[in-house]
Amino acid sequence: MSKPQATDPVNAPLANLEEWEDFLKTRYPEPAGTSAKPFDATDPDKKTEQFRNYEANARPSVREFYRLNHLHQTHDFVLAKKKDFLSLNRRTMGIWEAMEYLNTMVDDSDPDTDLSQLEHLLQTAEQIRKDGHPRWFILTGLIHDLGKILCLWGEPQWAVVGDTFPVGCAYSDTIVFHKFFEANPDSREERFQNRLGIYEEGCGLDKVHLSWGHDEYIHHVVRDYLPAEALYMLRYHSFYPGHREDAYAYLMNEQDRKMFDVVRAFNPYDLYTKNHEKPDVMRLRPFYEDLITEYFPKELKW
Ligand SMILES: [Fe+2]
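Residues numbered from 1 in each chain as written. Predicted model: local features only at pLDDT ≥ 70, side-chain atom pairs only at ≥ 80, totals over all residues. Heavy atoms only, no water.

Some points on the coordination of the iron ion
Looking at the metal site, the iron ion is ligated by Asp145 (OD), His214 (NE2) and His237 (NE2), spaced 1.9 to 2.2 Å from it. Counting residues between consecutive donors of the iron ion along the chain gives the motif D-x68-H-x22-H. Taken together, the residues span a long stretch of sequence, with His214 in helix 8 (residues 214-222) and His237 in the loop between helix 9 (228-236) and helix 10 (240-243) at a distance of 23 residues. Taken as a pair, His214 and His237 share a single burial class, namely buried. (Donors = N, O, S within 2.8 Å, 3.2 Å for Na, K, Ca; no water. Helix = DSSP H or I, 4+ residues; strand = E, 2+ residues; numbered from the N terminus. Buried < 20%, exposed > 50% of the residue type's maximum accessible area, 1.4 Å probe, protein only.)

Quick look at the structure:
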(Lines give C-alpha, C1' and ligand atoms only; values in the text may rest on other atoms or scores of the structure.)
Protein backbone atom coordinates (compact mmCIF):
# COMPACT_ATOMS: atom_id res chain seq x y z
CA MET A 1 0.00 0.00 0.00
CA SER A 2 1.37 3.43 -0.91
CA LYS A 3 1.83 5.95 1.86
CA PRO A 4 -1.08 8.41 1.90
CA GLN A 5 -0.60 12.08 2.76
CA ALA A 6 -3.24 14.35 4.30
CA THR A 7 -2.23 17.08 1.87
CA ASP A 8 -2.86 14.71 -1.00
CA PRO A 9 -6.40 15.45 -2.25
CA VAL A 10 -6.80 11.77 -3.16
CA ASN A 11 -6.64 11.01 0.54
CA ALA A 12 -8.64 14.05 1.65
CA PRO A 13 -11.90 13.92 -0.30
CA LEU A 14 -13.85 15.77 2.41
CA ALA A 15 -13.75 19.57 2.35
CA ASN A 16 -13.69 19.29 6.15
CA LEU A 17 -14.25 16.62 8.78
CA GLU A 18 -17.74 17.95 9.50
CA GLU A 19 -18.90 16.60 6.15
CA TRP A 20 -18.69 13.14 7.69
CA GLU A 21 -20.59 14.30 10.78
CA ASP A 22 -23.26 15.95 8.63
CA PHE A 23 -23.71 12.65 6.82
CA LEU A 24 -24.15 10.86 10.16
CA LYS A 25 -26.89 13.33 10.99
CA THR A 26 -28.79 12.41 7.84
CA ARG A 27 -28.59 8.76 8.85
CA TYR A 28 -29.40 9.41 12.51
CA PRO A 29 -31.59 12.52 12.55
CA GLU A 30 -32.34 14.23 15.82
CA PRO A 31 -35.44 12.42 17.11
CA ALA A 32 -37.63 15.08 18.78
CA GLY A 33 -38.43 18.64 17.89
CA THR A 34 -37.10 18.47 14.35
CA SER A 35 -38.76 17.88 11.01
CA ALA A 36 -36.37 15.04 10.23
CA LYS A 37 -37.85 11.56 10.62
CA PRO A 38 -35.80 8.99 12.52
CA PHE A 39 -35.63 5.41 11.31
CA ASP A 40 -38.62 3.22 11.97
CA ALA A 41 -36.67 0.40 13.57
CA THR A 42 -39.78 -1.78 13.77
CA ASP A 43 -40.07 -2.02 10.01
CA PRO A 44 -37.00 -3.80 8.55
CA ASP A 45 -38.09 -3.23 4.94
CA LYS A 46 -38.36 0.48 5.46
CA LYS A 47 -35.00 0.51 7.20
CA THR A 48 -33.29 -1.22 4.28
CA GLU A 49 -34.91 1.18 1.85
CA GLN A 50 -33.78 4.24 3.83
CA PHE A 51 -30.33 2.72 4.18
CA ARG A 52 -30.02 2.56 0.38
CA ASN A 53 -31.40 6.06 0.03
CA TYR A 54 -28.88 7.81 2.15
CA GLU A 55 -26.05 5.96 0.44
CA ALA A 56 -27.48 7.10 -2.89
CA ASN A 57 -27.95 10.66 -1.63
CA ALA A 58 -24.51 11.01 -0.05
CA ARG A 59 -22.28 13.72 -1.46
CA PRO A 60 -19.58 12.36 -3.80
CA SER A 61 -16.90 13.52 -1.34
CA VAL A 62 -18.51 11.52 1.48
CA ARG A 63 -18.89 8.48 -0.73
CA GLU A 64 -15.24 8.67 -1.73
CA PHE A 65 -14.25 9.12 1.91
CA TYR A 66 -16.04 5.87 2.85
CA ARG A 67 -14.55 4.07 -0.16
CA LEU A 68 -11.03 4.90 1.03
CA ASN A 69 -11.87 4.10 4.65
CA HIS A 70 -13.31 0.68 3.81
CA LEU A 71 -10.51 -0.08 1.36
CA HIS A 72 -7.55 0.77 3.61
CA GLN A 73 -8.67 -0.08 7.16
CA THR A 74 -7.31 -3.60 7.34
CA HIS A 75 -6.41 -5.60 10.44
CA ASP A 76 -2.70 -5.05 9.71
CA PHE A 77 -3.21 -1.34 9.17
CA VAL A 78 -4.92 -0.97 12.57
CA LEU A 79 -2.14 -2.86 14.36
CA ALA A 80 0.52 -0.74 12.68
CA LYS A 81 -1.23 2.53 13.60
CA LYS A 82 -1.67 1.40 17.20
CA LYS A 83 2.00 0.51 17.43
CA ASP A 84 2.97 3.88 16.04
CA PHE A 85 0.56 6.30 17.72
CA LEU A 86 -0.21 4.57 21.02
CA SER A 87 3.43 4.82 22.02
CA LEU A 88 2.57 8.50 22.67
CA ASN A 89 5.98 9.74 21.63
CA ARG A 90 5.01 12.74 19.55
CA ARG A 91 4.42 15.59 21.96
CA THR A 92 3.89 16.55 25.57
CA MET A 93 1.09 19.03 26.17
CA GLY A 94 -1.79 19.91 28.47
CA ILE A 95 -5.45 19.54 27.52
CA TRP A 96 -6.13 23.21 26.78
CA GLU A 97 -2.91 23.35 24.77
CA ALA A 98 -4.09 20.33 22.77
CA MET A 99 -7.39 22.13 22.13
CA GLU A 100 -5.49 25.13 20.78
CA TYR A 101 -3.30 22.80 18.73
CA LEU A 102 -6.37 21.14 17.19
CA ASN A 103 -7.60 24.62 16.40
CA THR A 104 -4.66 25.13 14.03
CA MET A 105 -6.15 22.50 11.74
CA VAL A 106 -6.90 24.14 8.43
CA ASP A 107 -9.75 22.84 6.34
CA ASP A 108 -12.18 24.26 3.85
CA SER A 109 -14.86 25.25 6.35
CA ASP A 110 -16.54 28.59 5.69
CA PRO A 111 -14.85 31.13 8.00
CA ASP A 112 -17.99 33.32 8.16
CA THR A 113 -20.43 30.73 9.41
CA ASP A 114 -18.45 27.83 10.78
CA LEU A 115 -17.02 27.50 14.23
CA SER A 116 -13.49 26.52 15.12
CA GLN A 117 -12.70 23.05 16.46
CA LEU A 118 -12.19 24.55 19.92
CA GLU A 119 -15.60 26.21 19.79
CA HIS A 120 -17.21 22.91 18.76
CA LEU A 121 -15.66 21.18 21.76
CA LEU A 122 -16.97 23.90 24.07
CA GLN A 123 -20.45 23.65 22.54
CA THR A 124 -20.60 19.92 23.27
CA ALA A 125 -19.32 20.38 26.83
CA GLU A 126 -21.67 23.32 27.51
CA GLN A 127 -24.74 21.35 26.47
CA ILE A 128 -23.75 18.50 28.79
CA ARG A 129 -23.21 21.05 31.57
CA LYS A 130 -26.61 22.68 30.94
CA ASP A 131 -28.29 19.29 31.25
CA GLY A 132 -26.86 18.90 34.75
CA HIS A 133 -24.51 15.98 34.17
CA PRO A 134 -21.49 15.23 36.40
CA ARG A 135 -18.21 17.07 35.93
CA TRP A 136 -16.38 14.10 34.39
CA PHE A 137 -19.13 13.91 31.74
CA ILE A 138 -18.71 17.60 30.89
CA LEU A 139 -14.96 17.08 30.63
CA THR A 140 -15.47 14.08 28.35
CA GLY A 141 -17.54 16.26 26.03
CA LEU A 142 -14.76 18.82 26.02
CA ILE A 143 -12.03 16.41 24.98
CA HIS A 144 -13.91 13.79 22.93
CA ASP A 145 -12.65 14.97 19.55
CA LEU A 146 -9.11 15.97 20.53
CA GLY A 147 -7.86 12.84 18.77
CA LYS A 148 -8.48 14.67 15.51
CA ILE A 149 -5.03 16.18 15.99
CA LEU A 150 -3.93 13.02 14.13
CA CYS A 151 -4.76 15.05 11.01
CA LEU A 152 -2.03 17.52 11.97
CA TRP A 153 0.52 14.73 11.84
CA GLY A 154 -0.23 13.90 8.24
CA GLU A 155 -2.83 11.21 8.79
CA PRO A 156 -5.43 10.95 6.01
CA GLN A 157 -9.07 11.73 6.81
CA TRP A 158 -10.13 8.08 6.47
CA ALA A 159 -7.67 7.15 9.26
CA VAL A 160 -8.92 9.83 11.66
CA VAL A 161 -12.72 9.91 11.35
CA GLY A 162 -15.46 7.61 10.07
CA ASP A 163 -17.84 5.22 11.82
CA THR A 164 -15.60 2.57 13.37
CA PHE A 165 -16.03 -1.20 13.02
CA PRO A 166 -14.19 -4.33 14.18
CA VAL A 167 -11.42 -5.62 11.93
CA GLY A 168 -10.43 -9.30 11.89
CA CYS A 169 -13.98 -10.62 11.55
CA ALA A 170 -16.93 -10.36 9.15
CA TYR A 171 -18.26 -6.85 8.48
CA SER A 172 -21.78 -6.19 9.76
CA ASP A 173 -24.24 -5.36 7.01
CA THR A 174 -25.34 -2.38 9.10
CA ILE A 175 -22.10 -0.60 8.15
CA VAL A 176 -22.73 2.12 5.63
CA PHE A 177 -21.31 1.59 2.10
CA HIS A 178 -20.78 -2.07 2.94
CA LYS A 179 -20.00 -2.94 -0.68
CA PHE A 180 -16.74 -0.97 -0.50
CA PHE A 181 -15.36 -3.70 1.77
CA GLU A 182 -15.10 -5.94 -1.29
CA ALA A 183 -11.90 -4.07 -2.19
CA ASN A 184 -10.40 -4.45 1.29
CA PRO A 185 -7.60 -7.08 1.24
CA ASP A 186 -9.05 -8.56 4.46
CA SER A 187 -12.09 -9.68 2.45
CA ARG A 188 -9.82 -12.28 0.87
CA GLU A 189 -8.39 -13.44 4.20
CA GLU A 190 -10.09 -16.73 5.09
CA ARG A 191 -9.75 -16.43 8.89
CA PHE A 192 -11.58 -13.07 8.97
CA GLN A 193 -14.67 -14.27 7.11
CA ASN A 194 -17.03 -15.49 9.80
CA ARG A 195 -18.86 -13.56 12.47
CA LEU A 196 -16.22 -14.18 15.15
CA GLY A 197 -13.16 -14.15 12.91
CA ILE A 198 -10.07 -14.06 15.13
CA TYR A 199 -12.11 -13.33 18.28
CA GLU A 200 -14.01 -15.43 20.81
CA GLU A 201 -17.70 -15.22 21.59
CA GLY A 202 -18.24 -12.58 24.30
CA CYS A 203 -14.52 -11.83 24.57
CA GLY A 204 -15.14 -8.15 25.33
CA LEU A 205 -14.46 -5.11 23.15
CA ASP A 206 -11.16 -4.41 24.89
CA LYS A 207 -9.80 -7.45 23.02
CA VAL A 208 -11.31 -6.37 19.70
CA HIS A 209 -9.47 -4.12 17.26
CA LEU A 210 -11.73 -1.45 15.80
CA SER A 211 -10.84 0.45 12.66
CA TRP A 212 -8.27 3.09 13.53
CA GLY A 213 -9.21 6.67 14.27
CA HIS A 214 -9.48 9.54 16.74
CA ASP A 215 -11.55 7.58 19.30
CA GLU A 216 -8.96 4.94 20.18
CA TYR A 217 -6.21 7.54 20.22
CA ILE A 218 -7.80 10.01 22.69
CA HIS A 219 -8.95 7.10 24.86
CA HIS A 220 -5.36 5.95 25.14
CA VAL A 221 -3.98 9.42 25.93
CA VAL A 222 -6.33 9.93 28.90
CA ARG A 223 -6.92 6.32 30.02
CA ASP A 224 -5.24 6.79 33.43
CA TYR A 225 -7.24 9.83 34.47
CA LEU A 226 -10.96 9.38 33.83
CA PRO A 227 -13.69 7.03 35.13
CA ALA A 228 -14.56 3.92 33.12
CA GLU A 229 -17.80 5.50 31.83
CA ALA A 230 -15.86 8.41 30.31
CA LEU A 231 -13.33 6.07 28.72
CA TYR A 232 -16.12 4.09 27.07
CA MET A 233 -17.65 7.28 25.70
CA LEU A 234 -14.33 8.36 24.23
CA ARG A 235 -13.31 5.00 22.85
CA TYR A 236 -16.59 4.07 21.21
CA HIS A 237 -18.30 7.35 20.32
CA SER A 238 -17.82 6.67 16.56
CA PHE A 239 -18.69 2.97 16.85
CA TYR A 240 -22.12 3.49 15.27
CA PRO A 241 -22.56 -0.19 14.29
CA GLY A 242 -22.25 -0.99 18.02
CA HIS A 243 -24.11 1.80 19.77
CA ARG A 244 -26.78 2.67 17.17
CA GLU A 245 -27.24 -0.59 15.22
CA ASP A 246 -26.70 -3.14 18.02
CA ALA A 247 -24.30 -5.03 15.76
CA TYR A 248 -21.43 -7.14 17.13
CA ALA A 249 -23.26 -7.88 20.41
CA TYR A 250 -21.62 -11.33 20.31
CA LEU A 251 -18.20 -9.74 20.83
CA MET A 252 -19.31 -7.78 23.88
CA ASN A 253 -19.04 -8.92 27.48
CA GLU A 254 -21.20 -7.98 30.47
CA GLN A 255 -19.27 -4.79 31.19
CA ASP A 256 -19.52 -3.63 27.56
CA ARG A 257 -23.27 -4.15 27.56
CA LYS A 258 -23.64 -2.15 30.75
CA MET A 259 -21.32 0.62 29.64
CA PHE A 260 -22.89 1.01 26.22
CA ASP A 261 -25.80 2.72 27.95
CA VAL A 262 -23.44 5.61 28.72
CA VAL A 263 -22.00 5.53 25.19
CA ARG A 264 -25.59 5.92 23.94
CA ALA A 265 -26.21 8.70 26.44
CA PHE A 266 -23.22 10.57 25.06
CA ASN A 267 -24.08 10.17 21.38
CA PRO A 268 -26.69 12.98 21.11
CA TYR A 269 -24.17 15.46 22.51
CA ASP A 270 -21.64 14.37 19.90
CA LEU A 271 -24.09 14.47 17.03
CA TYR A 272 -26.56 17.27 17.72
CA THR A 273 -24.83 20.01 19.71
CA LYS A 274 -22.79 21.52 16.91
CA ASN A 275 -24.49 24.63 15.61
CA HIS A 276 -23.60 28.17 14.59
CA GLU A 277 -23.99 29.69 18.04
CA LYS A 278 -20.55 30.90 19.01
CA PRO A 279 -19.54 30.05 22.60
CA ASP A 280 -17.73 32.79 24.51
CA VAL A 281 -14.29 31.21 24.84
CA MET A 282 -12.85 33.96 27.09
CA ARG A 283 -15.75 33.70 29.53
CA LEU A 284 -15.78 29.89 29.61
CA ARG A 285 -12.07 29.25 29.79
CA PRO A 286 -11.64 29.62 33.62
CA PHE A 287 -14.38 27.06 34.31
CA TYR A 288 -12.83 24.57 31.92
CA GLU A 289 -9.26 25.18 33.09
CA ASP A 290 -10.46 24.31 36.62
CA LEU A 291 -12.21 21.21 35.37
CA ILE A 292 -9.12 20.08 33.44
CA THR A 293 -6.91 20.58 36.53
CA GLU A 294 -9.32 18.51 38.62
CA TYR A 295 -8.67 15.40 36.53
CA PHE A 296 -5.47 15.81 34.55
CA PRO A 297 -1.81 16.54 35.22
CA LYS A 298 -0.38 19.75 33.74
CA GLU A 299 1.01 17.84 30.78
CA LEU A 300 0.15 14.57 29.08
CA LYS A 301 1.98 12.46 26.54
CA TRP A 302 0.49 12.54 23.03
FE1 LIG B 1 -15.55 12.31 17.26
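Some words on the pattern of salt bridges
Across all of its chains, the model carries 21 salt bridges by this definition. Salt-bridge contacts for Lys148 lead to Glu21; the nearest nitrogen and oxygen are separated by 2.8 Å. Of this pair, Lys148 sits in the loop between helix 7 (135-143) and helix 8 while Glu21 sits in helix 1 (residues 18-27); the two residues are 127 residues apart in sequence, bridging distant segments of the chain. Using a relative accessible area of 2% as the deciding quantity, one classes Lys148 as buried. With relative accessibility at 9%, the residue Glu21 sits in the buried group. For Glu126, the salt bridge is made with Arg129, and the minimal N-O distance between the two is 2.8 Å. Placement of both Glu126 and Arg129 in helix 6 (residues 117-130) is noted, with a separation of 3 residues, approximately one turn of the helix. Residue class for Arg129 comes out partly exposed when judged on its relative accessible area of 31%. (Salt bridge = Lys/Arg side-chain N within 4 Å of Asp/Glu carboxyl O.)

Re the confidence of the model for the protein chain
Chain-level statistics for the protein chain give a pLDDT mean of 91 and a share of 89% at 70 or above. Counted against residues more than four places away or in other chains, residues 1-7, with its pLDDT under 50, gives 13 contacts. Below pLDDT 50 for its whole length, residues 34-41 participates in 12 contacts with residues either more than four positions away or in separate chains. (pLDDT = per-residue confidence, 0-100. Contact = heavy atoms within 4.5 Å.)

Here we look at the nonpolar core
In terms of nonpolar packing, the biggest core is built from 93 residues, with Tyr66, Ile143, Leu146, Tyr217, Val222 and Trp302 touching the most fellow members. In terms of residue count, the dominant contributor to this core is helix 11 (residues 254-272) (8 residues). (Core = buried A, V, L, I, M, F, W, Y, C linked by side-chain atoms within 4.5 Å.)

Some words on helix 5 (residues 95-102)
Judged by how many residues are buried, helix 5 sits mostly within the fold: 6 of 8 residues are covered. Buried residues of helix 5: Ile95, Trp96, Ala98, Met99, Tyr101 and Leu102, and no others. Among the structural elements, strand 1 (92-93), helix 6, helix 7, helix 12 (281-295) and strand 2 (300-301) are those in contact with the buried residues of helix 5.

As for the packing of aromatic side chains
Scanning all chains against the criterion turns up 29 aromatic pairs. Arranged with centres 5.5 Å apart and planes meeting at 45 degrees, the rings of Tyr232 and Tyr236 form a pair that is tilted. Of this pair, Tyr232 and Tyr236 both sit in helix 9, separated by 4 residues, roughly a single helical turn. Given the relative accessible area of 11%, Tyr232 is considered buried. For Tyr236, a relative accessible area of 4% corresponds to the buried category. Ring centres 6.3 Å apart and planes at 55 degrees place the aromatic pair Tyr248 and Tyr250 in the tilted group. Members of the aromatic cluster, each reached through a chain of ring pairs, are Phe23, Tyr54, Phe65, Tyr66, Phe177 and Phe180. One Lys or Arg, Arg195, reaches over the ring of Tyr250 and ends 4.2 Å from the middle of that ring. (Phe/Tyr/Trp six-rings, centres within 6.5 Å; stacked < 30°, edge-to-face > 60°. Lys NZ or Arg CZ within 6 Å of the ring centre and 35° of its normal.)

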